Amino acid sequence: MNTFLKRMLILLFVVAIGLFLYSFFVENIFSKRLSPKDTVEFKLNDLKLEVFYNRPYKKDREIFGALVPFDRVWRTGANEATTFETNQPLDVLGKSLPIGKYTLWTVPKDSVWDVMFNSKQYTWGVDSEMKPLWDPNYDVLSIEVPVQKLSATVEQFTIAFDNSTDNLFLTMAWDNVKVAVPLK
């Protein structure tokens, strides 16, 4: 066997072992995630917004007030911390949100949600005891938005941008609940 072929086989073997070890110890890259990753983008003229999050399913569970307790900080999705990025300064209910990348945290309540944009980047949403890693000292902006009750159930947690009325909203919907954060 020539030298080139031997080196290629050794390289392929090392790559295969690396993938196996990563899959075993970090994240099983060969199985479907229970809460798949998703990225949503909004572009208009020079404005570019992006949200990265993980999308858990309802699966016949009671969500708000149970799986996601009322009056407690939620990582707003599953797994990694949800991030929100803007390349332009935004006005959010009369408060300024500078250009940057933020982690997005919420406190769901029965009739309103608190929504916090936090400047600290967290690799994961919760610690080993399932407590949110959110540190309020890094909150750049905190607002309160009303809850809208939906007539149809949203099976998978969904974050989207809604510009259908020429007013831009960051929407979050799951189960029979939707909140809309106005952005200008």
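To start, this report covers the structure provided alongside it.

Conventions and cut-offs
Residue numbering note: each chain is counted from 1, following its sequence as written. Side-chain atom pairs in this predicted model are given and counted only at pLDDT of 80 or more, local residue features only at pLDDT of at least 70, and totals for whole chains, interfaces and linings cover all residues. Note: side-chain values were computed over all heavy atoms of the structure, leaving out hydrogens and water. In this description a helix means any DSSP run of H or I spanning at least four residues, a strand means any run of E spanning at least two, and both kinds are numbered starting from the N terminus. Type-normalised accessible area, obtained with a 1.4 Å probe on protein chains alone, sets the label of each residue: buried when under 20%, exposed when over 50%, and partly exposed for intermediate values. Residues adjacent in sequence count toward polar contacts only when both atoms are side-chain atoms; beyond that, a polar contact is any pair of N or O atoms within 3.5 Å, and within protein one must be able to donate a hydrogen and the other to accept it. Each Phe, Tyr or Trp ring, with Trp reduced to its six-membered ring, pairs with another whose centre is within 6.5 Å; inter-plane angles below 30 degrees give stacked pairs, above 60 give edge-to-face pairs, and intermediate values give tilted ones. Pairing between strands requires that DSSP locate at least two bridges from one strand to the other. Axes, fitted as lines to C-alpha atoms, cover a helix only where it is in contact. Angles between the N-to-C directions of the axes lie from 0 to 180 degrees.

What follows concerns the side chain of Thr106. Residue position: Thr106 is located in strand β6 (residues 100-108). Take Thr106: its relative accessible area is 0%, and that puts it in the buried class. Reaching out from Thr106, the side chain makes a polar contact with the side chain of Thr76 at a distance of 2.9 Å.

This part is about the packing of aromatic side chains. One pass over the full model with this rule turns up 13 aromatic pairs. An angle of 80° between the planes, with centres 5.9 Å apart, marks the rings of Phe64 and Trp74 as edge-to-face. Of this pair, Phe64 sits in the loop between β2 (47-54) and β3 (83-86) while Trp74 sits in the loop between β2 and β3, and the two are 10 residues apart along the sequence. By relative accessible area, Phe64 is classed as buried at 11%. Where Tyr102 meets Phe117, the ring centres are 6.5 Å apart and the plane angle is 85°; that geometry is what we call edge-to-face. Linking Tyr102 in strand β6 with Phe117 in strand β7 (residues 112-118), this pair joins segments that are 15 residues apart in sequence. Across the pair, exposure class does not vary: Tyr102 and Phe117 are buried alike. Here the aromatic residues Tyr53, Phe64, Trp74, Trp113, Phe157 and Trp174 are joined through ring pairs into a cluster of three or more.

Of note, the phi angle at Asn45 is positive, near 55°, even though the residue is not glycine. With respect to the helices and strands, Asn45 occurs in the loop between β1 (37-44) and β2. Positive phi values are uncommon outside glycine, yet Asp60 reaches one of about 60°. The class for Asp60 is exposed, based on a relative accessible area of 81%.

Right, let's talk about the sheet that holds β2 for a bit. The strand order across the open sheet formed by seven strands is β1-β2-β3-β6-β7-β8-β9, and the pairing between neighbours is antiparallel. The sheet terminates laterally at β1 and β9 (168-183), the two strands that pair on one side only. If you compare each strand with its neighbour and ignore which way they point, the axes differ by 30° on average. Where β3 meets β6, four bridges bridge the pair, whose relative direction is antiparallel.

Purely spatial values, then, with no claim about function.
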